[in-house]
Every structure is written in structure tokens, then in C-alpha cells.
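# Residue-level structure breakdown
Listed below, chain by chain, are the residues.
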Amino acid sequence: MNKIYVFLLVSILAFCVSCGPAADPDNLFEMPEDELAEEYGADESSSQETGTEGGDVSAEVTGEFLYAYGNMQKNVPPGNFAVYQDSILLLYFNGSQFRLYEIDKDTLEVAPFCKDASCNHQNGKCASLGITSNLESYEGEVYALDSSMEIVQLKDGRFERILEGECATFWHADHHLYVCTKDGSLLEYPEDSLKNPAVVSEEYTKCWNVVFDSRLYGANSTGGVTCIELSNPERGTHQVVSCDGPAMTDGRNIYFQDLDNYLYRSNIDGGNIEKLYDTGVMYAALNFDEEYIYFRYYDGSLMGEGSDKIYRALKDDPGRPELIAEFPGYAAAVFTVPGYARIFAYVKENFAKLENDVYAVSKDGSGMVKLEIPEF
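Notes on the structure follow. Note that the structure is predicted; figures quoted are calculated from it, not measured.

Okay, the pattern of salt bridges next. Under the defined criterion, the tally for this structure stands at 16 salt bridges. Note that K315 is salt-bridged to D250, the shortest N-O span being 3.0 Å. One end of the pair, K315, is in the loop between β26 (309-314) and β27 (317-326); the other, D250, is in the loop between β20 (247-249) and β21 (253-257), with 65 residues separating them in the sequence. Owing to a relative accessible area of 2%, K315 belongs among the buried residues under this scheme. Given a relative accessible area of 0%, D250 falls into the buried group. The partner of D357 in a salt bridge is K353, with the nearest N and O atoms 3.1 Å apart.

Counting buried positions along strand β13 (residues 176-181) gives five out of six residues, so the element sits mostly inside the fold. The pairing of strand β12 (residues 167-173) with β13 spans six bridges and is classified as antiparallel. Within β13, the residue paired with H172 across the bridge is L177. Linkage of β12 to β13, two consecutive antiparallel strands, is achieved through a turn of two residues, within which D174 is found at a positive phi near 50 degrees.

Scanning the entire structure with this criterion turns up 23 aromatic pairs. On the numbers, 6.2 Å between centres and 45 degrees between planes, the contact of Y292 with Y294 is tilted. Each member of the pair, Y292 as well as Y294, carries the same accessibility label: buried. Members of the aromatic cluster, connected to one another through ring pairs, are F81, F335, Y340, F344 and Y346. In this structure, R99 packs its charged tip against the face of F376, placed 5.5 Å from the ring centre. R312 extends its terminal NZ or CZ atom over the ring of Y292, reaching a point 4.0 Å from the ring centre.

Thresholds, definitions, all that
Residue numbering note: each chain is counted from 1, following its sequence as written. Totals for whole chains, interfaces and linings use every residue, but because this is a predicted model, local features are given only for residues with pLDDT of at least 70 and side-chain atom pairs only at 80 or more, for both listing and counting. Here the side-chain values reflect all heavy atoms present in the structure, with hydrogen atoms and water set aside. When a carboxyl oxygen of Asp or Glu is within 4 Å of a side-chain nitrogen of Lys or Arg, the pair counts as a salt bridge. Only runs of H or I of at least four residues qualify as helices and only runs of E of at least two qualify as strands under DSSP, and these elements are numbered from the N terminus. Classification of residues uses two cut-offs on accessible area relative to the type maximum, computed with a 1.4 Å probe and protein chains only: under 20% is buried, over 50% is exposed, and between them is partly exposed. For two strands to be treated as a pair, DSSP must find at least two bridges joining them. In summary, the pairing rule links any two rings of Phe, Tyr or Trp, Trp by its six-membered ring, whose centres are within 6.5 Å, and it sorts them by plane angle into stacked for under 30 degrees, edge-to-face for over 60 and tilted for everything else. As a reminder, the over-ring test applies to NZ of lysine and CZ of arginine, requiring each to be within 6 Å of the ring centre and within 35 degrees of the ring normal.

And the structure:
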């Protein structure tokens, strides 16, 4: 089966992004007049620490907050799990529409984010504002795209629109907001304002983007990984890794695939390429934390041999993976939550079933729990 088709099939959300010539003639991406956002961004006293031994910067630390780089390089646009205070937010597709839930970190009890039983959860009156994708937690703040593909932020228990105008995807880094507009512009908003953005690139088509050391790394389901030096964007975009399949980076290494689903790894500069396994890996079920990569094997069939098993391997010793979970169905995707001792997996027992079952399991493989997700 074609790799691109499989990836889009198992992803929860896939949007077609228009990539025409870049322009913003109608000033669509300015702050709404009635919003007071002059003090947008992080406190100046917050500091960024990166790295563990070996130079791995897969988790950005700003105060107590960690950034979920792995999750933000999955789905189109990315997201689905995000830290929020003492809970974990889950953006879940129930077979017909998206709903936002809260997961208690300790008990794993799942509850609707919007507590209003009379709400239809699809308009501005809803606390979730009908968000559908790009769920992101950055420096303790939560952001998403609503059904109009506009950026919203969680404020005082409700999501509020902070930018007008459709966008393809967005993310935060180094106290800046980066927005890929619908027409393909890449904009950078300064840390203290949502006005007067700088144009980083007039034509930008990557949907999975992260920033390390002032370098923007972007990827799609094909085409490899590109890099823009943000301190000198006029130098343009250069190719770091060329591949026929999807890719992601943890800041130290780039993980990428070919059309036969084999998983490769390179340095962050694209050098020292190595093939990790002699069996294919499903990209949608690939993720990482500070120490490990998590994945399932893929033999060309979604429900093939080994599709129900999740492995983990030390980044410093990837050649010796260990089995940590075996599910009652095939694992469609894996998510990590920074600073949390469990991973989450989407599992399907029936290929025709549109919604996924959601399982939580400790990173060492103990304590598997199927989440009970209420209808609302």
C-alpha cells in the first residue's frame, strides 16, 4: 500500500493546504481590534535550558514547562494531546466530529472540557470554541485551531480567538509565534505583540515544524527536512535530509523513512545516516521523549504481524528495542506527554471503525488502561 496513503489514513486529521504565492493584502493576520494582546508572550525572567547529556534538546524547558516536539510533528495540522495544569487535554475524533476532553493525570478519568450540557460545542458560546486541530501547549498556555482554521488560546477556562484569518498551521518557539498562512506565507510574530509580523518566507509548505538553536526545521509526508536560519532568513531554505517518506527531529537527530517504510536516522545536520531496523516502521506510531523512541513495526499491512505491539529503544542504543505494550488491536498512533510517566496509543480492533480506542500505558510497559471516553 502506498506509504503516503497509509499515513493519511491512520492520522486523525488531514487538511489540504493551499500553497499559492505568498501575500497578505487584506491584513488578515492582524490582531482583532477588540482584543488586548499587546502583552502577548513569555515573562522576561523565564529562561530556556536545553539538553541532557549528549546534547539532546528534545524537550524545551522554560521554567517548569516542556514542549511536546514529537506530538507537534504528527497529523496535519499537528496536535491531539497537550498538558494543561493538572490535566492532559485530548482532542478526540468520535467518528463524526472533534471533541475536546480533559484527562486526569493521576486517575486517567476522562471528562468533557466544556461542562455545559446544553452546549452543541461547535460555536463561539462553547468553552472549547469548536476547536478541531493543532492543539499546542507552550509555556503553560494552550493554543489550537478552531473550525474556521483561526488561532485560539485558552484563557480563564475558555478558548478565545487571538488572530483573525485562516491559517494552515502554527507553532511557538523562542517566545515567538510562527504562522503558515493559507496562501503559503510563513510569518513570525514577536514575543510582545500579535501585530506587524515579519515575513520569514513568502512560500512555505511544511506542516511539521520545530525550532532548535534559531534554526527552523520543517517536514511533510514527503520531501525530507529543510532548514531556515531564522537569524538570517534571507539566505533561504536549504535541504538537510532528502527522503521519500515523512520525517521528524528531536533536536539531536532526524528520523526519516523511505517508501518501503524503513526507518533511518541522521545527525541534525543530515550526516551519519544509519538504517535502524530491518523491518518497516509505521511513522504515525513513531514518537519520542528525552531518552527513548517509541514505535511499532509495519509489514505493509495496518493489521499485519506485530501491529499490536509497541516497542521502545534508547536513543543512545536504538539497536536493542524492548517490547513494552501489546494491545487488543493494531496501534494506529503513539503520543508522548512531556514530564509524564505514561504514553498514549490509538488502538483499533476493527479497521472499519472511524474512532480510535485510547490506551494509556506506563513507559516501562506496566499498568495499561483503556480510557473511558464519554459521549457528549
